[in-house]
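Structural overview
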Amino acid sequence: MNPVEVQNLTVAYQKKPVLKNVSFTVPEGKLIGIIGPNGAGKSTLIKAVLGMIPKATGEVRVYDKLYRAKERVVGYVPQRGSVDWDFPTNALDVVLMGRYGHIGWFKRPGKKDKELALNCLEKVGMQEYATRQISQLSGGQQQRVFLARALAQDAKIYFMDEPFVGVDAATERAIIELLNELKQQGKTVLVVHHDLQTVKDYFDHVILLNINVIAEGPTEDTFTLKNLHQTYGGTLAFLEKGDILVGQK
Amino acid sequence: MDDVIKISLADANTQWVLLGTILLGISSGVLGSIALLRKQSLIGDAVAHASLPGICVTFLLLGEKSLFPLLIGAAISGLLATFCIQAISSYSIIKEDTAIGLVLSVFFGLGIVLLTKVSQSSVGNKSGLNDFIFGQAAALVGSDVKLMAGAAALLTVITWLLFKELKVLTFDPEFAKGLGLPTKLLNFVFLTLLVSAIVVGIQAVGVILMAAMLITPAISARYWTDSLARMIVLSGVFGAISGVFGTIFSTFGTGLATGPFIVVTATFIFFISLLFAPERGLLTKWVKRLRLNKRLQHELVLRKEGKSYQ
């Protein structure tokens, strides 16, 4: 049983397809990188899979069942810039939002939820900031709060949209450690990623995306110069150093 | 002047009016703070203006001025306006702010045209219909206030029940969707609550100034707290205070419209908040910076002196 199976997914804004006939299967208990240039549809892919935007065609199966958000097996970390950080709330409150799906309508988070949320903040090294107003957190700290909120969702599969953007080296290391920890617990983590240099170090499995899936599979076999050229159009200057990136020199 | 207040406050009708404006202050404060955070304050303005044609059409159909049906008419045309705004901004290249401007002016213009028609026609007792423009709380009678009280209480309770859902929907709508919340339904529910809060207030505050009752108490409350729950409560309190004092001030003269006085009171509270709120207030910030500068200068002087002794 595969955690995520996508078949013939097409998404269009207005008439132009943003994703076309995307199909892939995700193996369980792995760290998976979704890689591609700007406008390749990486964020769109995540949102379409999670049912946040409508699909033109296609099917998403999670553990062999058609995906419904209510089942709460999937956790989500959106891009940090997608919300207004001046919202009147503190870090703990944001993490508690991860519990809302479990709590149910009309009820308030209880003591157990708060303990769990504090625990999640601790896992990302943010326990001291629990009562801090979120606008007073640094970019890296805000990203960690989002991660903690996803942890509080207590899901089996995690989708993360560029969690490494705009964070310092220490936070990046903390995040990748956390992702590895999730992997050890048998969870499946899909990460939209930009930095080609770290792909080999971070991910077991990659999906190279540019409107279509160019290639997918274990990083060693898939993250090759040829596939990168195909994904990025082969014209970009940095790809001249591509052989270093994929370690094929 | 004290005598005037005593006399007018002892009057049973004034008490009803006061209660009415307190309640509308609470409900518009509560819903206004969520609307503010959702960046929907201007939609509130459009809804308020757009309720006028609904009021006029209902009056023309019924031929009498009875509050409940008039408010239903107002709510229908207010909701219709929000749908027009959403349809225009999602099915054309026109952006939301332009769509709001368009819809607001078209509906309000239509309302004024209908109002002129009403005043020229011979239909029933039309006195007081003009009051919907600037608000005339004094025109409220006991049964009106009971209706407003019921509606305001219901709105506040629903908001309290849906607090958690509205919070995540406002902060991070995509995440809310990811949690499996029916975000479309919740958006519609909130919009209905907002329209109802506006409609409850138009009799006392008037369609032109109603938006101020959504925005001003909410933004004032934001200055005092960083917690959403506290902001909502405080906004309701500020709304209620504005209602009380606005009503009292407007009773000093005969025939004064209530709405402007309520809004002026709310604005006064806003200026106090803007200047004196802890952490965020301008004056507080200024004093803090002054103290910090002084301390830094002091330290600098000490350091220099220390060096010169060496």
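Here the residue numbers are simple positions, counted from 1 along each chain's written sequence. Lettering for chains starts from A, numbering for ligands starts from 1, and both go in the order in which the items are written. Thresholds applied to this predicted model are a pLDDT of at least 70 for local features of residues and 80 or more for the giving and counting of side-chain atom pairs; totals over whole chains, interfaces and linings are not thresholded and use all residues. Hydrogen atoms and water are omitted, and side-chain values are computed over all heavy atoms in the structure.

Observations regarding the overall build of chain A
The condition that has to hold: Working definition: helices are DSSP H or I runs of at least four residues, strands are E runs of at least two. Numbering for both runs from the N terminus. It is over C-alpha atoms that the radius of gyration is taken, and the globule rule equals 2.2 Å times the number of residues to the power 0.38. Burial classification: accessible surface area is computed with a 1.4 Å probe over protein chains only, and a residue below 20% of its type maximum counts as buried, one above 50% as exposed, and the rest as partly exposed. Residue contacts are counted whenever heavy atoms from the two residues lie within 4.5 Å of one another. In this description, accessible areas are obtained by the Shrake-Rupley approach with a 1.4 Å probe, and a residue is regarded as covered only by the protein chains that are shown. When charges are counted, Lys and Arg contribute as positive and Asp and Glu as negative, whereas His and the chain ends are disregarded. A charged residue contributes its charge at one atom only: NZ of Lys, CZ of Arg, CG of Asp or CD of Glu.
Helix and strand counts for chain A come out as 10 helices and 10 strands. At 18 Å, chain A has a C-alpha radius of gyration in line with the 18 Å of a compact globule built from 249 residues. Viewed in the frame of its principal axes, chain A has a C-alpha envelope of about 55 × 40 × 35 Å. Evaluated residue by residue, chain A yields a buried proportion of 53% over its 249 residues. For chain A, long-range pairs separated by at least 24 residues make up 67% of all intrachain contacts whose partners lie at least 6 apart in sequence. Of the accessible surface of chain A, which amounts to about 11300 Å², a share of 47% is contributed by carbon and sulfur atoms. Averaging the coordinates of the 31 positive side-chain charges in chain A and doing the same for the 27 negative ones gives two points 6 Å apart.

Notes on the pairing of strand β7 (residues 157–161) of chain A
Residue and element names in this part refer to chain A. In plain terms, the rule: Here a strand pair is declared whenever DSSP counts at least two bridges between the two strands. A crossover counts as right-handed when, viewed with the strands pointing away from the observer, the path leading from the first strand over the helix to the second turns clockwise.
For β7, the tally of buried residues reaches five of five residues, placing the bulk of the element in the interior. Side chains Ile157, Phe159 and Asp161 project from β7 onto one buried face, and the interleaved Tyr158 and Met160 project onto a second face that is buried too. In the sheet, strand β6 (residues 74–77) pairs with β7 via four bridges, with the strands oriented parallel. Of the residues in β7, the one forming a bridge with tyrosine 76 is phenylalanine 159. One crossover worth recording links β7 to the parallel strand β8 (residues 188–193) by way of helix α6 (residues 169–184), and it is right-handed.

Side note on the pattern of salt bridges
For the record, the criterion: Any carboxyl oxygen of Asp or Glu within 4 Å of a side-chain nitrogen of Lys or Arg constitutes a salt bridge here.
Taken as a whole, this structure holds 14 salt bridges over all chains when the rule is applied. For arginine 99 of chain A, the salt bridge identified is with aspartate 113 of chain A, shortest N-O distance 3.2 Å. Here aspartate 113 of chain A lies in helix α4 (residues 111–123) and arginine 99 of chain A lies in the loop between α2 (91–96) and α3 (100–103), a separation of 14 residues in the sequence. Aspartate 113 of chain A carries the same exposure label as arginine 99 of chain A, and that label is buried. In this structure, glutamate 165 of chain B and lysine 164 of chain B form a salt bridge, with 2.8 Å as the shortest nitrogen-oxygen distance.

Description of the sheet that holds strand β1 (residues 4–13) of chain A
Residues and elements named next belong to chain A. Rules: With axes taken as lines fitted to C-alpha atoms, and helix axes fitted only over the stretch in contact, angles between N-to-C directions fall between 0 and 180 degrees.
One open sheet accounts for four strands, arranged β2-β1-β4-β5; its pairing is antiparallel. Single-partner strands in this sheet number two, and they are β2 (16–26) and β5 (65–66). Taken together, the two bridges between strand β4 (residues 57–62) and β5 define a ladder with antiparallel strand orientation. Following the sheet pairing, valine 62 is matched in β5 by lysine 65. Taken strand by strand, helix α1 (residues 42–49) contacts β1, β2 and β4, and its axis lies near 115 degrees from that of β1.

Points about the packing of aromatic side chains
Residue and element names in this part refer to chain B. The line we're drawing: Stacked, edge-to-face and tilted are the three classes for Phe, Tyr and Trp ring pairs, Trp counted by its six-membered ring, which pair at centre distances within 6.5 Å; planes under 30 degrees apart are stacked, over 60 edge-to-face, the rest tilted.
Under the criterion given, the structure shown has 11 aromatic pairs over all chains. Seen from their ring centres, tyrosine 223 and phenylalanine 270 are 6.1 Å apart, and the 70 degrees between their planes marks the pair as edge-to-face. Of this pair, tyrosine 223 sits in helix α11 (residues 210–224) while phenylalanine 270 sits in helix α13 (residues 258–276), and the two are 47 residues apart along the sequence. In this pair, the class of tyrosine 223 matches that of phenylalanine 270, namely buried.

Looking at the interface of chain B and chain A
How we decide: Counted as a polar contact is a pair of N or O atoms within 3.5 Å, where, for protein atoms, one must be capable of donating a hydrogen and the other of accepting one, and residues adjacent in sequence contribute only when both atoms are in side chains.
Taken together, the contact pairs 28 residues of chain B with 32 residues of chain A. Here chain B and chain A share six salt bridges between them. Across the pair lysine 39 of chain B and aspartate 84 of chain A runs a salt bridge whose closest N-O atoms are separated by 3.2 Å. Linking chain B to chain A there are 12 residue pairs in polar contact (both at pLDDT 80 or more). Listed by contribution, the elements that provide at least two residues to the side of chain B that touches chain A are α7 (142–161), α8 (163–171), α9 (173–178) and α12 (228–250) of chain B. With seven residues, the single largest contributor to the side of chain B that touches chain A is α8 of chain B.

Regarding the domain arrangement of chain B
All names here are of chain B. What counts, and what does not: Each domain span listed reflects an automatic or database assignment of domains. Note on definitions: buried area is the accessible-area loss of two parts on being combined, 1.4 Å probe, summed for both. The residue classification treats Ala, Val, Leu, Ile, Met, Phe, Trp, Tyr, Cys and Pro as nonpolar and Asp, Glu, Lys and Arg as charged. All others, Gly included, are polar.
For chain B, the assigned domains read domain 1 (2–275) and domain 2 (278–310). Inter-centroid distance (C-alpha atoms) of domain 1 to domain 2 is 47 Å. Residue-level contacts link seven residues of domain 1 with six residues of domain 2. Buried area between domain 1 and domain 2, summed over both chains or domains, comes out near 550 Å², and the portion from carbon and sulfur atoms is 56%. Applying the counting criterion to the domain 1 and domain 2 interface returns one salt bridge. Of the charged contacts in the structure, one is a salt bridge between arginine 280 and aspartate 226, with a shortest N-O distance of 3.5 Å. For the pair domain 1 and domain 2, the number of links is four residue pairs in polar contact (both at pLDDT 80 or more). When residues of the side of domain 1 that touches domain 2 are traced back to their parent elements, those giving at least two are α11 and α13. Looking at the side of domain 1 that touches domain 2, its residues break down into four nonpolar, one polar and two charged.

Some thoughts on the pairing of strand β9 (residues 205–210) of chain A
Residue and element names in this part refer to chain A. Taken across its six residues, β9 has five buried, putting it largely inside the fold. The sheet contact formed by strand β3 (residues 31–35) and β9 spans four bridges and is parallel. Note on β9: the bridge partner recorded for isoleucine 35 is leucine 208. Remark: one residue form the turn of the hairpin made by β9 and strand β10 (residues 212–218), two consecutive strands paired antiparallel; isoleucine 211 in that turn has positive phi of roughly 65 degrees.

Thoughts on a nonpolar patch on the surface
Spelled out, the test is: Residues forming no salt bridge and having over 30% relative accessible area are the ones grouped into patches, like charges within 9 Å of each other and nonpolar side chains (Val, Leu, Ile, Met, Phe, Trp, Tyr) within 5 Å.
Residues Trp224, Phe268, Ile272, Leu275, Phe276, Leu282, Leu283, Trp286, Val287 and Leu290 of chain B make up a contiguous nonpolar surface patch of about 920 Å² in total accessible area. The dominant element in the nonpolar patch, judged by the number of residues it contributes, is helix α14 (residues 282–309) of chain B, at five residues.

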